[in-house]
Amino acid sequence: MELEARLRAFAAFARRRSFSAAARELRISQPAVSKHIADVERKAGVQLVERRPRGGELTPAGEFLANHVLRAQALLAQAVQGVGEFRQRATGSLTIVASGVPATYLLPEVVVTFQRAHPDVRVNIVPGASAQTMDALRSHRAEFGVVGGFAAAPEIEAEPLVEEEIVVVGPPQLAHRRMSRRDAEAATWISPYEGSATRAAVEAAWADSGITPRRRLELPNWEAVKLAVARGHGVAGCSWFTVEGELRAGSLAIVRLRGWKVRRTISIVRHREAALTPSAHAFVAMLHARWGRPSPRRHRRGDGSSPRR
């Protein structure tokens, strides 16, 4: 029990980076927090916190220990929460991390279906770039993630969900137009924030096609990108899921670019050592039921923009 109290104090400091904030979190005195951390240092035989007049900083050894202790706390909290789901009626919360396209265009519909079937389970979708998703899984802050452009990691396993097509879109007046390499280089390419997996796929496609755009415009998110393209300010490489509604409505059009065939797999990712709760299993099954199939885009013969289901 003493070791648990000491490690809880160290973990609180690691989260807050402040003795006083850690004391408030644990509802104990600041000297008690300091003593607990000193006891851990004495037991470990190494300095964990570099004390300063105002708070302190973790030493390299402290960062190492904090990584393990915080992960252990998160895993224990997940276990306590998950075991309660084995009652007849599932309750609690389910945290899922997802990169931009899945978080915005794939998960919401499944969340609605899941909540109807499991009204006592609160679903929390945490959006973030693929790298942030991996960090959340490693630290056990989420049960699983849904990402595009997954980069392999030894402790993370990936399960393919659906194939995603990246298409080049422009304003309606460019419908069915064939763009040459010279046209592509002269066009303004509009893209979202740095770190977007779709943007990385588009940039890799430029390199494969020998395209070096002369003008680029970066906007905060995909909605801003689509609005700018629809108003005639340029073209963009977008996930089919991102622009499906606009293509159906005619506010955007597919622009054909010779040699452009860009696809990637959207995957469900999880930590190899973490068992999924019943709620998570149920949500994953619903994801596969809704999206576990080939890309939703189907060309009619001779039609570059009309999908068929």
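Data block above holds the structure.
Predicted model only: the values in this text are computed from it and were never measured.

Asker: What am I meant to see in the pattern of salt bridges here?
Answerer: Pairing is possible between side chains of opposite charge, provided their charged atoms come close. Tallied over the entire structure, the rule returns 20 salt bridges. Between R264 and E164 there is a salt bridge, with its nearest N and O atoms 2.3 Å apart. Here R264, found in strand β13 (residues 262-271), pairs with E164, found in strand β6 (residues 156-170); they are 100 residues apart in sequence, far enough to count as distant. R264 sits in the buried class, given a relative accessible area of 12%. When the shortest N-O distance is used, the salt bridge between R199 and E203 registers 3.0 Å. Highlighted residues: R199 and E203, both in helix α8 (residues 197-209), separated by four residues, approximately one helical turn. Judged by its relative accessible area of 9%, R199 is buried. You can call E203 partly exposed: its relative accessible area is 26%.

Asker: Honestly, the packing of helix α2 (residues 19-26) against helix α3 (residues 30-44) in this entry has me stumped. Any pointers?
Answerer: When two helices pack together, their arrangement is captured by the angle between the axes and the distance separating the axes. In contact at an axis separation of 8 Å, α2 and α3 are set at 105° when each is read in the N-to-C sense. As judged from the angle between their axes, α2 and α3 are roughly perpendicular. Facing α2, whose interface residues are F19, S20, A22 and A23, α3 presents Q30, V33, S34 and I37. Here the contact of α2 with α3 is built from residues that sort into five nonpolar, three polar and no charged.

Asker: Just to check I follow, could you spell out the nonpolar core for this structure?
Answerer: The nonpolar side chains of a soluble globular protein tend to be buried with one another. Residues F144, V146, L161, V169, F283 and L287 are the most contacted members of the largest nonpolar core, which totals 40 residues. In terms of residues, this core owes the most to one element, helix α5 (residues 100-117), which gives seven residues. If we ignore the near neighbours within four places in the chain, the residues touching V146 are I96, V97, A98, S99, P102, L107, L161, I266, S267, V269 and L287. Counting residues in each nonpolar core, the second largest holds 17 residues, with L174, M179, W189 and I211 among its members.

Asker: Is there a simple way to explain the packing of aromatic side chains in this structure?
Answerer: The description of an aromatic ring pair uses the distance of the two centres, along with the angle that the planes make with each other. With the rule as written, the count across this model stands at six aromatic pairs. Aromatic pair F13 and F19: ring centres 4.7 Å apart, planes at 40°, arrangement tilted. F13 gets classed as buried once you look at its relative accessible area, which sits at 0%. Put simply, the rings of F114, F144 and F283 touch in pairs and so form one group of aromatic residues.

Asker: Is there a simple way to think about the environment of A9 in this case?
Answerer: Of note, A9 is situated in helix α1 (residues 2-16). When its relative accessible area of 0% is taken as the criterion, A9 is described as buried. Taking C-alpha positions, A9 is 9.3 Å from E25, a pair spaced 16 residues apart along the chain. In this structure, A9 is in contact with L26, V33, H36 and I37, ignoring residues within four places of it in sequence.

Asker: Can you help me understand the pairing of strand β4 (residues 121-127) in this one?
Answerer: The two faces of a sheet get side chains in turn, since along a regular strand they alternate between them. Note that strand β3 (residues 92-98) and β4 share seven bridges and pair parallel. Counted as the bridge partner of V97 is V126 from β4. After leaving β3, the chain enters α5 and then returns to the sheet as β4, a path that is right-handed.

Asker: What is the right way to look at the side chain of T188 in this model?
Answerer: Inspection of the secondary structure assignment puts T188 in strand β8 (residues 188-191). There is a polar contact of 3.1 Å between the side chain of T188 and the side chain of R215. If near-sequence neighbours (up to four positions away) are discounted, T188 is found in contact with R215, L217, H233, G234 and V235.

Analysis parameters
Residues numbered from 1 in each chain as written. Predicted model: local features only at pLDDT ≥ 70, side-chain atom pairs only at ≥ 80, totals over all residues. Heavy atoms only, no water. Salt bridge = Lys/Arg side-chain N within 4 Å of Asp/Glu carboxyl O. Helix = DSSP H or I, 4+ residues; strand = E, 2+ residues; numbered from the N terminus. Buried < 20%, exposed > 50% of the residue type's maximum accessible area, 1.4 Å probe, protein only. Axes fitted to C-alpha atoms, helices over the stretch in contact; angles between N-to-C directions. Parallel < 35°, antiparallel > 145°, perpendicular 65-115°, else oblique. Contact = heavy atoms within 4.5 Å. Nonpolar A, V, L, I, M, F, W, Y, C, P; charged D, E, K, R; others polar. Core = buried A, V, L, I, M, F, W, Y, C linked by side-chain atoms within 4.5 Å. Phe/Tyr/Trp six-rings, centres within 6.5 Å; stacked < 30°, edge-to-face > 60°. Pairing = 2+ DSSP bridges. Right-handed = clockwise from strand over helix to strand, strands pointing away. Polar contact = N/O pair within 3.5 Å; in protein donor to acceptor, adjacent residues only side chain to side chain.

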